[in-house]
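A structural walkthrough
What follows is each chain in one-letter form.
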Amino acid sequence: MDTVSRSKRSENMRKIRSEGMRPEMKVRKLVHALGYRYRLHRKDLPGKPDLVFPKRRSVIFVHGCFWHQHGDPNCVDSRRPKSNTQYWDAKLARNVERDKNHIESLRQKGWRVLVIWECETADQSALKEKVVGFLENRTDASPSG
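In this report, the structure presented in the accompanying data block is examined. (Residues numbered from 1 in each chain as written. Predicted model: local features only at pLDDT ≥ 70, side-chain atom pairs only at ≥ 80, totals over all residues. Heavy atoms only, no water.)

1. Considering the overall build of the protein
- Across its full length, the protein holds four helices and four strands.
- Listed by position from the N terminus, the elements making up the protein come as α-α-β-β-β-α-β-α.
- The 145 residues of the protein split such that 35% are buried.
- Partitioning the intrachain contacts of the protein with sequence separation of at least 6 by distance along the chain shows that 57% fall at a separation of at least 24.
- As presented, the protein carries roughly 9,100 Å² of accessible surface, and 49% of it is formed by carbon and sulfur atoms. (Helix = DSSP H or I, 4+ residues; strand = E, 2+ residues; numbered from the N terminus. Buried < 20%, exposed > 50% of the residue type's maximum accessible area, 1.4 Å probe, protein only. Contact = heavy atoms within 4.5 Å. Areas by Shrake-Rupley, 256 points an atom, 1.4 Å probe, with all protein chains shown as cover.)

2. Remarks on helix H4 (residues 124-137)
- Here H4 is 14 residues long and its end C-alpha atoms lie 19 Å apart, about the 20 Å a rise of 1.5 Å per residue gives.
- Among all positions of H4, only Leu127, Val131, Phe134 and Leu135 are buried. Down the axis of H4, the buried set is contained in an arc of 90°. They therefore lie on one face. Residues of H4 that are exposed and point over 90 degrees away from its buried face: Ser125, Glu129 and Asn137.
- If you follow the buried residues of H4, they end up packed against helix H2 (22-33), strand S2 (51-53), strand S3 (58-63) and strand S4 (112-117). (Expected span 1.5 Å × (residues − 1). Arc of directions from axis to C-beta.)

3. Here we look at the sheet that holds S2
- Strand order in the open sheet formed by four strands is S1-S2-S3-S4, and the pairing between neighbours is mixed. The strands lining the two open edges of the sheet, one partner per strand, are strand S1 (39-40) and S4.
- The pairing of S1 with S2 spans two bridges and is classified as antiparallel. Paired with Leu40 across the bridge in S2 is Leu51.
- Sheet strands touched by H2: S1, S2, S3 and S4. Its angle to S2, the strand with the most contacts, is close to 30°.
- Along the sheet face, H4 touches S2, S3 and S4 and points at about 175° away from the line of S4. (Pairing = 2+ DSSP bridges. Axes fitted to C-alpha atoms, helices over the stretch in contact; angles between N-to-C directions.)

4. With respect to the pairing of S4
- Of all six residues in S4, six are buried; the element is thus mostly enclosed.
- The two faces of S4 match: Arg112, Leu114 and Ile116 on one face and Val113, Val115 and Trp117 on the other face are all buried.
- Examined bridge by bridge, S3 and S4 share six bridges and lie parallel to one another. Note that in S4 the partner of Ile60 across the bridge is Leu114.

Here it is in structure tokens:
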């Protein structure tokens, strides 16, 4: 059973944005400071990747641990709600499946894909290492978790 009213829950959900959230902004700021230039949310690519590096044929998705269900058992942000579980299980499963389809489609089109999880943005030095490794090594990075 949900702990807030239906109208309050609806209001809360309307406030959730898909672009420009704090984890994405951390990644964008870091990537820009490293000297890489990118495009944002290209609508012609599957999943509208958060950062697109056209010359490198590379994209970065910055996934929220809850909404995209980070599989790392140490990630506390990916816990599922205890109320209204039927709704949330179905919704979050659709998100995960859609993510897999977008990543696979991008790879089939020759794009390299990196997924950065929200919880990974807390450690800037590790994040920097991951981003530089991906963009400089020019090898595909599988989504972790």
